[in-house]
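Results of the structural survey
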Amino acid sequence: MTNELLTLATDAARAAATLLRDQRPSTLQIATKSTATDVVTDMDHAAERLLVQQLRAARPDDGFLGEEGADEQGTSGLTWVLDPIDGTVNYLYGIPGYAVSIGLRDGSGMVIGVVCNPVSGELWSAQRGQGAFLDGHPIRVNEPTDLAMALLATGFGYDAARRARQADVLRSVLPRVRDIRRFGAASLDLCAVACGRVDAYYERGLKPWDLAAGGLIAEEAGARVDGLAGRPAGEDLVIAAPQALFGPLAELLAANRAAED
Ligand code: LIP
């Protein structure tokens, strides 16, 4: 059954990606959310409506949880976790680093994940226990063992006080690693870990829809995706890294209280 669900999610992601890429108005209607820099556009809402409409048509009994307001319990035991535009600020500025992220979860966790970059056309996917793929080709994480040679991705919140703390953490991390990349979309950061474009990723403050699909894709590509001190990956902190790198990175982040404001 998961093959059919993956096909459904892939088709929906590509439909939303086409909408975002080809029907982006020259002037986006913008509103703000948690802070003045936390924006949502009319295209975020349009893409989420399209995703819910297309998925619900095939799966009327499933639940929905979306960044822009979709929130339905469902009766099937399956819930679609949607980020219609992950990397909204990049979309607003015309930076080609945003994604449509579709996860499906059951009572045991994530079942499938699909992340599509509308500009590059790249589509990452995974089914629980069946590996991770980029455009249908199998992908695996890098296997570095030396943190000092690791290329890390991270991100920052919208709240100024949290950003100050995240800068403090970054100040300690940056000299201990090869370098840092800040792409601006968590789902693409997690997919970058999955296909070896970066060695690891960490960020505090991710919402379920940021993590759902990309977290499964990274895990199925061989990454450990967790929080600190045995806690699961979540809003406190997400660390995605190859097994050999996870411990040293987690130790460095814990020493700098990266899971605290
Ligand atoms: C984004 C995340 C990213 C984070 C950004 C922003 P959004 O999500 O994917 O990792 O660093 O600040 O939260 O708001 O574009 O959906």
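Residues numbered from 1 in each chain as written. Predicted model: local features only at pLDDT ≥ 70, side-chain atom pairs only at ≥ 80, totals over all residues. Heavy atoms only, no water.

1. A closer look at the pairing of strand β5 (residues 79–86)
Test applied: Throughout this description, buried means an accessible area under 20% of the type-specific maximum (1.4 Å probe, protein chains only), exposed means over 50%, and partly exposed covers the range between. Going along the chain from the N terminus, every DSSP run of H or I of four or more residues is numbered as a helix, and every run of E of two or more is numbered as a strand. Each pair of strands is called paired provided DSSP finds at least two bridges between the two strands.
Taking burial as the measure, the 8 residues of β5 include 8 buried ones, the bulk of the element. Where strand β3 (residues 63–66) meets β5, 4 bridges bridge the pair, whose relative direction is parallel. Bridge pairing in β5 links Gly 66 to Leu 82. Pairing between β5 and strand β6 (residues 99–106): 6 bridges, direction antiparallel. Across the sheet, the residue bridging to Thr 79 is Arg 105, located in β6.

2. Quick word on the environment of Ala 153
The condition that has to hold: Note on definitions: a residue-residue contact is assigned when non-hydrogen atoms from the two residues lie within 4.5 Å.
Topologically, Ala 153 is positioned in strand β11 (residues 151–154). Distance in space between the C-alpha atoms of Ala 153 and Asp 189 is 6.3 Å, their sequence separation being 36 residues. In this structure, Ala 153 is in contact with Arg 181, Phe 183, Asp 189, Val 198, Ala 200, Tyr 201 and Tyr 202, ignoring residues within four places of it in sequence.

3. What about the site of the ligand?
Filter applied, for reference: What makes a residue near a molecule or strand is one non-hydrogen atom of that residue sitting within 4 Å of it. In the analysis that follows, any N or O atom pair within 3.5 Å is treated as a polar contact, provided that within protein one partner can donate a hydrogen and the other can accept it, and provided that, for residues neighboring in sequence, both atoms belong to side chains. Only the protein chains shown count as cover for residues, with accessible areas throughout obtained via the Shrake-Rupley method and a probe of 1.4 Å.
By nearness alone, 16 residues border the ligand, and Asp 86, Phe 156, Tyr 158, Ala 186 and Glu 203 come closest of all. A distance of 2.8 Å separates an oxygen atom of the ligand from a polar atom in the backbone of Gly 87. Between the ligand and Phe 156, the relevant distance is 2.7 Å, taken from an oxygen atom to a main-chain nitrogen or oxygen of the residue. When the ligand sits alone it has 380 Å² of accessible area, and the protein chains cover 93% of it.

4. Focus: the domain arrangement of the chain
Put simply, the test is: Each domain's extent is set by a domain assignment, obtained either automatically or from a database. When two parts are brought into contact, each loses some accessible area as probed by a 1.4 Å sphere; the total of that loss over both is the buried area. What counts as a salt bridge is simple: a side-chain nitrogen of Lys or Arg found within 4 Å of a carboxyl oxygen of Asp or Glu.
Considered domain by domain, the chain is made up of domain 1 (2–138) and domain 2 (147–255). Taking only C-alpha atoms, the centre of domain 1 and the centre of domain 2 are 21 Å apart. The partner domain 2 presents 21 residues to the 38 residues of domain 1 that form the contact. Here domain 1 packs against domain 2, burying approximately 2,100 Å² in sum over the two surfaces, 65% of which is carbon and sulfur. When the buried area of domain 1 at its contact with domain 2 is split by residue, Asp 86, Val 115 and Trp 124 rank highest and sum to 23% of it. The tally of links between domain 1 and domain 2 comes to 1 salt bridge.

5. Some details on the packing of helix α1 (residues 2–22) against helix α2 (residues 42–58)
To keep things clear, this is the line we draw: For every element, the axis is a line fit to its C-alpha atoms; helices are fit only across the contacting stretch, and the angle between N-to-C directions ranges from 0 to 180 degrees. Note that the term roughly parallel is reserved for angles under 35 degrees, roughly antiparallel for angles over 145, roughly perpendicular for angles of 65 to 115, and oblique for everything else. Should the near helix be turned counterclockwise from the far one by less than a right angle, the crossing is left-handed, whereas a clockwise turn marks it as right-handed. Gly counts as polar in this scheme, as do all residues outside two lists: the nonpolar Ala, Val, Leu, Ile, Met, Phe, Trp, Tyr, Cys and Pro, and the charged Asp, Glu, Lys and Arg.
Direction vectors running N to C along α1 and α2 enclose 155 degrees, while the axes themselves pass 9 Å from each other. By the angle class used here, α1 and α2 are roughly antiparallel. Judged by the sense of rotation from one axis to the other, the crossing of α1 with α2 is right-handed. Here Leu 8, Ala 9, Asp 11, Ala 12, Ala 13, Ala 15, Ala 16, Leu 19 and Leu 20 of α1 lie close against α2, whose contacting residues are Met 43, Ala 46, Ala 47, Leu 50, Leu 51, Gln 54, Leu 55 and Ala 58. Of the residues that constitute the contact of α1 with α2, the class distribution is 15 nonpolar, 1 polar and 1 charged.

6. Some words on the pattern of salt bridges
Where charged atoms of side chains with opposite charge meet at close range, the side chains can pair. According to the stated counting rule, one finds 14 salt bridges in the structure shown. The partner of Arg 21 in a salt bridge is Asp 22, with the nearest N and O atoms 2.8 Å apart. Judged by relative accessible area, Arg 21 falls into the partly exposed class, the value being 40%. The salt bridge involving Arg 56 is made with Glu 72; its shortest N-O contact spans 2.3 Å. Residue Arg 56 is located in helix α2, and its partner Glu 72 is located in strand β4 (residues 71–72); the two are separated by 16 residues in the primary sequence. With a relative accessible area of 32%, Glu 72 lands in the partly exposed category. Salt bridges sharing partners connect three or more residues here, namely Arg 162, Arg 204, Asp 236 and Asp 261.

7. Re the packing of aromatic side chains
The condition that has to hold: Note on aromatic contacts: the rings of Phe and Tyr and the six-membered ring of Trp form a pair at centre separations within 6.5 Å, being stacked when their planes are under 30 degrees apart, edge-to-face when over 60 apart, and tilted otherwise. As a reminder, the over-ring test applies to NZ of lysine and CZ of arginine, requiring each to be within 6 Å of the ring centre and within 35 degrees of the ring normal.
Per the stated rule, a full pass over the model turns up 1 aromatic pair. An angle of 75 degrees between the planes, with centres 4.8 Å apart, marks the rings of Tyr 91 and Tyr 98 as edge-to-face. Residue Tyr 91 shares its accessibility class with Tyr 98, and that shared class is buried. The cationic tip of Arg 24 hangs over the ring face of Tyr 91; the distance from NZ or CZ to the ring centre is 5.2 Å. When the ring centre of Phe 246 is taken as reference, the NZ or CZ atom of Arg 224 above it lies at 3.9 Å.

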